[in-house]
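Results of the structural survey
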Amino acid sequence: MTQRMSIKPELYHWACNRAPVDPIKLRNRFPKYDDWVSGQQCPTFRQLENFAKFTHVPFGALFMSKPLVEELPIQDLRTLKDSDTSKPSANLLDTLYMCGQRQDWYHTFALSEGFEPLPFVGSTTIDSNIEDVADEIRNLMDFGLGSRQELANWTQVLDYLSDQADEIGILVMISSIVRNNLHRKLDPREFHGYTLADPMAPVIFINSADSKSSQIFIFLIGLARLWLGESGLSNASLDTTPLHPVAKWCYQVALEILVPAEFLLENFQINTDLFDEVKRLSIQYKVSPLVIFQQLYDHEVLSSQVYEEFFKSELSRSNPKHGEHGPNFYSTLRSRVSPRFGEALVDSTLSGQTKFMDALYYLGINKISTLEAFGDTLFEDQNY
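Calculation rules
Residues numbered from 1 in each chain as written. Predicted model: local features only at pLDDT ≥ 70, side-chain atom pairs only at ≥ 80, totals over all residues. Heavy atoms only, no water. Helix = DSSP H or I, 4+ residues; strand = E, 2+ residues; numbered from the N terminus. Rg over C-alpha atoms; globule rule 2.2 N^0.38 Å. Contact = heavy atoms within 4.5 Å. Areas by Shrake-Rupley, 256 points an atom, 1.4 Å probe, with all protein chains shown as cover. Lys, Arg positive; Asp, Glu negative; His and termini not counted. Charge placed at Lys NZ, Arg CZ, Asp CG, Glu CD. 1 Å grid on protein atoms, 1.4 Å probe; cavity = no way out; pocket = protein on both sides within 12 Å on 5 of 7 lines; lining within 4 Å. Points joined across faces, edges and corners; volume = space filled by probe spheres on them. Nonpolar A, V, L, I, M, F, W, Y, C, P; charged D, E, K, R; others polar. Phe/Tyr/Trp six-rings, centres within 6.5 Å; stacked < 30°, edge-to-face > 60°. Buried < 20%, exposed > 50% of the residue type's maximum accessible area, 1.4 Å probe, protein only. Lys NZ or Arg CZ within 6 Å of the ring centre and 35° of its normal.

With respect to the overall build of the protein chain
- The number of helices and strands found in the protein chain is 18 helices and six strands.
- Against the 2.2 N^0.38 benchmark of 21 Å for 384 residues, the protein chain shows a C-alpha radius of gyration of 23 Å, consistent with a compact globule.
- Taking the principal axes of the C-alpha coordinates as reference, the protein chain spans close to 85 × 50 × 40 Å.
- Of all intrachain contacts in the protein chain linking residues separated by at least 6 positions in sequence, the fraction that spans at least 24 positions is 70%.
- Split by element, the accessible area of the protein chain, about 18,600 Å² in all, is 50% carbon and sulfur.
- Distance from the positive charge centre (34 side chains) to the negative charge centre (50 side chains) of the protein chain: 12 Å.

As C-alpha cells, this is what we get:
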C-alpha cells in the first residue's frame, strides 16, 4: 500500500510563496496540487519530496506545525528603493546559507592547517579616518594608480581585485545564480552583495547579475566592512548614498579607495569641459565616471544642480550587465566558490580528509569526475 503524507495547507502556500512558484508550472508538475491543499487527497512520499525540490524548501520543513519564519542571518544594510526589501527571497537566503556553510568548512580547514587569524578583519571602527583606512586597503591590495595602468577594462579590474583579495586570505564568491542552478537567478534589485566577516575565513559575495562597475564598487564596500569586522547585506550604488552610519562609512571608504580625494582635487582642471574632464579622470583612475562625479560633489567642487544634471545623464549611459563570470564552466565555478576555497576543498578531498559527497555539495555539482576535472583546472592555473 502506498504511503501518503498529510501536510497542513498553510505549509503548501508557504512553500510556493517562498520561491515564488509559477502557478501554471506548479499545476503542470503536480496536477493534484489543489486536492492536496484541500485535503481531498494526500501526496505520496516521493511526490512530496519532488514538491520540496521544486519549491526549493527543506523537506523536513513541510512537516512542521506552522510555516518556518526565515529572517536574514546577517545585518541588513540595504537602502529601500523600488522593491520591497523587508522579506528576503528564497534565492537570497539559500545563497547566504550556502556561503555560510562554505565559510564554516574553510574556517575549520584553516585552523587545522595552522593558519593565523587575518589581522585586518575587525582592525578599525567607523570613527577611524576614512582616508587612512582607504590608503591601508589600497596598499594591501596593491591597487594604486601604477597597478591600474595595465588593466584595460572593468572586467580586468574586478579580476585583479579578486585575485589580490584571494592572496591575502579573502574568499571572494561571484555569481548571478544559486549554486549552479541556471533557473534560480539572483535579482540585483534585491541585493548587490554581502560580507560574512570571520578572522579565518572572511567572505565577500558579489551578485554578478549587476554591472561590472557596480560589482567593483560593492566589492570595495565589502573590503571596508571586513576592516570593521562586520557582516552585512548591501544594495549600495553610486546613485544613492546610504543613511545607515556603517553603510555610509563603507560607501565613503570605497569611493576613497577608487579615487583619493586629495589627488583628484589636485588633478581636476576646473576651467575645462566638465564631461571631458570627468572622462579623462575616469580613464586615469580606471573607474566609472560616476565615481568621479560623486567625489567631486562630496568635496563641494560641483553644485547640487550641476551634479544632478550630469550624474543622471551619465547614469543613463552606464555600462550594461555582464552576467556570469568566466568563459567556461570550470572557470565560472572557480569564481562562484572562490579560488582559495576551491583549491583547499579539492586538495582536502583528494587527500582523503573531506568526503567526496561533502565536496560535491559545497561545489554544487553531482559527479566526482566533475570535481576531479575542476581540480585539474585549478592546479593548472596555479602551475601545480
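The structure having been displayed, the exposition proceeds.
Describing the layout of surface pockets
- By volume, the largest pocket is sized at about 820 Å³.
- Those elements that provide at least two residues to the lining of the largest pocket are helix H4 (45-55), helix H5 (90-112), strand E3 (181-185) and helix H17 (356-363).
- The element best represented in the lining of the largest pocket is H5, accounting for four residues.
- By residue class, the composition of the lining of the largest pocket is twelve nonpolar, seven polar and eight charged.
- In this structure, the second largest pocket occupies an estimated 660 Å³ of space.
- As for the second largest pocket, its lining consists of 24 residues, and the residues nearest its centre are Ala19, Pro20, Val21, Asn91 and His183.
- If you list the elements that add at least two residues to the lining of the second largest pocket, you get helix H1 (9-18), H5 and E3.

Comments concerning empty space enclosed by the protein
- Within this structure, the stated rule accounts for three cavities of 30 Å³ or more.
- In this structure, the largest cavity encloses a volume near 90 Å³.
- Taken together, Phe143, Trp154, Val157, Ser213, Ile216, Phe217, Leu238, Leu258, Lys286, Val287, Ser288 and Val291 make up the full set of residues lining the largest cavity.
- Listed by contribution, the elements that provide at least two residues to the lining of the largest cavity are helix H8 (154-167) and helix H9 (212-228).

Here we look at the packing of aromatic side chains
- Counted under the stated rule, the structure contains 24 aromatic pairs.
- Ring centres 5.6 Å apart and planes at 80 degrees place the aromatic pair Phe30 and Phe54 in the edge-to-face group. One end of the pair, Phe30, is in the loop between helix H2 (23-29) and helix H3 (33-38); the other, Phe54, is in helix H4, with 24 residues separating them in the sequence.
- On the basis of relative accessibility, which here comes to 6%, the residue Phe30 falls in the buried class.
- The structure contains a cluster of three or more aromatic residues connected by ring pairs, namely Trp105, Tyr106, Phe109, Phe115, Phe341, Tyr361 and Tyr362.
- Taking NZ or CZ as reference, Arg148 lies 4.1 Å from the ring centre of Phe143, over its face.
- Taking the ring centre of Tyr361 as reference, the NZ or CZ of Arg179 above it sits at 4.8 Å.

Side note on unusual backbone geometry
- In this structure, His56 is a non-glycine residue whose phi angle is positive, near 60 degrees.
- Relative to the helices and strands, His56 is located in the loop between H4 and H5.
- Its identity is not glycine, yet Glu300 carries a phi of approximately 60 degrees, on the positive side.
- Along the polypeptide, Glu300 turns up in the loop between helix H13 (289-298) and helix H14 (304-316).
- Since its relative accessible area comes to 73%, Glu300 is described here as exposed.

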